[in-house]
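# Fold and geometry: a report
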Amino acid sequence: MRILVTGGAGFIGSNFVRRLLADGYPGLAGADVTVLDKLTYAGNLANLAPVADSPRLRVVVGDICDADLVGEVLPGHDLVVHFAAESHVDRSIEGAAPFVTTNLVGTSVLLEAATAAGGVDRFVHVSTDEVYGSIDSGSWTEDRPLEPNSPYSAAKAGSDLLARAYHRTHGLPVVITRGSNTYGPYQFPEKVVPLFVTNLLDGRRVPLYGDGGNVRDWLHVDDHCAGVALAAERGRPGAVYHVGGGTELTNKELTARLLDACGAGWEMVEYVSDRKAHDRRYSLDIGRTTTELGYAPAVDFAEGLAATVAWYRENRAWWEPLRRSA
Ligand code: NAD
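Since we're looking at a predicted model, the values are computed, not measured.

Next up on the list: empty space enclosed by the protein. What the rule picks out here adds up to 1 cavity of 30 Å³ or more. In this model, the largest cavity occupies a volume close to 50 Å³. Lining the largest cavity, in full, are Val89, Glu130, Ser150, Arg275, Lys276, Ala277, His278, Asp279 and Tyr282. Within the lining of the largest cavity, the residues separate by chemical class into 3 nonpolar, 2 polar and 4 charged.

Lining the immediate environment of the ligand, one finds 29 residues, of which Ile12, Asp37, Ser87, Tyr152 and Lys156 sit closest. At 3.4 Å, a backbone N or O of leucine 39 approaches an oxygen atom of the ligand. Taking threonine 40, its main chain carries an N or O atom lying 3.0 Å from an oxygen atom of the ligand. Burial of the ligand by the protein chains amounts to 96% of its free accessible area of 840 Å². Broken down by secondary-structure element, the contributors of at least two residues to the shell around the ligand are helix H1 (11-21), strand S5 (122-128), helix H5 (151-170) and strand S7 (181-183). With 3 residues, the single largest contributor to the shell around the ligand is S5.

What follows covers the pairing of strand S8 (residues 206-209). By the alternation rule, side chains of S8 split into Val206 and Leu208, which are all buried, and Pro207 and Tyr209, of which none is buried. Pairing geometry for S8 and strand S12 (residues 269-272), over 4 bridges, is parallel. Within S12, the position partnered with leucine 208 by the bridge is tyrosine 271.

We now examine the sheet that holds strand S6 (residues 174-179). A sheet is described by the order of its strands in space; here 7 strands give the open sequence S3-S2-S1-S4-S5-S6-S10, paired in parallel fashion. The open sheet terminates on both sides in strands that have one partner only, identified here as strand S3 (57-61) and strand S10 (240-243). Strand-to-strand twist in this sheet, taken as the mean axis angle between neighbours without regard to direction, amounts to 20°. As paired strands, S6 and S10 are joined by 4 bridges and run parallel to one another.

What follows concerns helix H6 (residues 192-201). Buried residues dominate H6, accounting for 8 of its 10 residues. Looking one or two residues beyond H6, the residue adopting positive phi is glycine 203, at roughly 75°.

Grouped together as the largest cluster of nonpolar side chains are 30 residues, with contacts concentrated most on Leu36, Val70, Leu74, Leu111, Phe123, Leu172 and Val174. Broken down by secondary-structure element, the contributors of at least two residues to this core are helix H2 (67-73), helix H4 (97-117), H5 and S6. If you tally residues by element for this core, the top one is H4, at 5 residues. Sequence-distant contacts of leucine 111, that is, excluding residues within four places in its chain, are made with Phe123, Leu162, Ala163, Tyr166, Leu172 and Val174. By size, the runner-up hydrophobic cluster in this structure holds 27 residues, among which are Ile12, Val35, Val81 and Phe83.

Attention now moves to the environment of aspartate 285. Structurally, aspartate 285 is set in the loop between S12 and helix H9 (287-293). Sequence separation between aspartate 285 and histidine 242 is 43 residues; the distance between their C-alpha atoms is 6.9 Å.

Further remarks concern the environment of valine 240. Relative to the helices and strands, valine 240 resides in strand S10. The exposure class of valine 240 is buried, given its relative accessible area of 12%. Sequence separation of valine 240 and aspartate 68 is 172 residues, and the distance between their C-alpha atoms is 29 Å. Every residue in contact with valine 240, bar those within four places of it in the chain, is listed here: Tyr132, Glu142, Ile176, Arg178 and Arg288.

Our next topic: the side chain of threonine 182. Residue position: threonine 182 is located in strand S7. Classification of threonine 182 by relative accessible area gives buried; the value is 9%. In this structure the side chain of threonine 182 is engaged in a polar contact, spanning 2.8 Å, whose partner is the backbone oxygen of serine 180. Polar contacts involving the side chain of threonine 182 include one to the side chain of histidine 224, which spans 2.9 Å. Not counting residues within four places of it along the chain, the set of residues in contact with threonine 182 comprises Phe11, Ile12, Gln187, Trp218, Leu219, His220, Val221 and His224.

Basis of the calculations
- Residues numbered from 1 in each chain as written.
- Predicted model: local features only at pLDDT ≥ 70, side-chain atom pairs only at ≥ 80, totals over all residues.
- Heavy atoms only, no water.
- 1 Å grid on protein atoms, 1.4 Å probe; cavity = no way out; pocket = protein on both sides within 12 Å on 5 of 7 lines; lining within 4 Å.
- Points joined across faces, edges and corners; volume = space filled by probe spheres on them.
- Nonpolar A, V, L, I, M, F, W, Y, C, P; charged D, E, K, R; others polar.
- Near = heavy atom within 4 Å.
- Polar contact = N/O pair within 3.5 Å; in protein donor to acceptor, adjacent residues only side chain to side chain.
- Areas by Shrake-Rupley, 256 points an atom, 1.4 Å probe, with all protein chains shown as cover.
- Helix = DSSP H or I, 4+ residues; strand = E, 2+ residues; numbered from the N terminus.
- Buried < 20%, exposed > 50% of the residue type's maximum accessible area, 1.4 Å probe, protein only.
- Pairing = 2+ DSSP bridges.
- Axes fitted to C-alpha atoms, helices over the stretch in contact; angles between N-to-C directions.
- Core = buried A, V, L, I, M, F, W, Y, C linked by side-chain atoms within 4.5 Å.
- Contact = heavy atoms within 4.5 Å.

Coordinates in, geometry out; function isn't part of it.
Put into structure tokens, the structure is as follows:
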């Protein structure tokens, strides 16, 4: 089996590749892996260092928007797992153009090339719970209309609709996953968990948006990737699958746990103006993913967070240069 992983040098994509090459996903064991990654600020070959010597790994540095390149690289792969995206909401508020380009145009280039190549058994499009907007109570099911509120989530929602359309129009075996807020090692230190942890390890204060009451469902990166792997192995073409973590916390509750893990107090917290159009709450119903794919989050949140904080504590050489460049 040959698997093309876009965005395989980013946070979640590299976790998927490392686990894949360690044969951590039984249905995908032994596969050869091509990573296609532009190495934006968020992409980092150091994320693939543990598997860099694998004879089963090939890395192509390039842009998913480059139709000629994608047309050369993609044919011959049985499975496409599409992680590549511009992924940070705050950056999308500062300027949406790269989000529209990579998330929409890039996804359409991949879908077009996969359709033209033929022979792709599954095209897994990795998306986010943010496409639904915000929900005060209850949980979203997969048929909920998309009402994204940030340029990031709007571009992701657009890419989900393109992926769906390529299934409907061309019969491309597209499977869409929508994951919740993901944390773990190797996450670029701009997202809340690594930003807060690296600030606190450096003795700096952490910025908490608004009243800190926004609620997120926290998902360990190993669980996110396990859900994506299950979708890749046995997802129903045309279906959407939710990948949730089962730990709902307000940002204030998350901050308390991070302060505790880093041995810091509330004097290290600075309340800052809220993010524009900040979604209040996300919540995914994972019933279908559990029933159809056998998915269940396996990483206990307290243990996963402690291990993540320990990883940042022990891997300054990984994040210090990234913080300086950011
Ligand atoms: P990330 O920003 O860490 O990594 C993105 C990767 O894509 C980087 O390696 C980057 O170099 C690459 N990339 C960006 N533009 C590219 C382009 N034009 N061509 C080729 N490569 C390009 O993101 P992440 O957190 O690992 O997220 C991966 C996917 O999962 C994204 O599609 C994101 O929307 C989705 N997702 C993320 C989360 C989360 O909490 N991080 C939650 C749900 C879904």
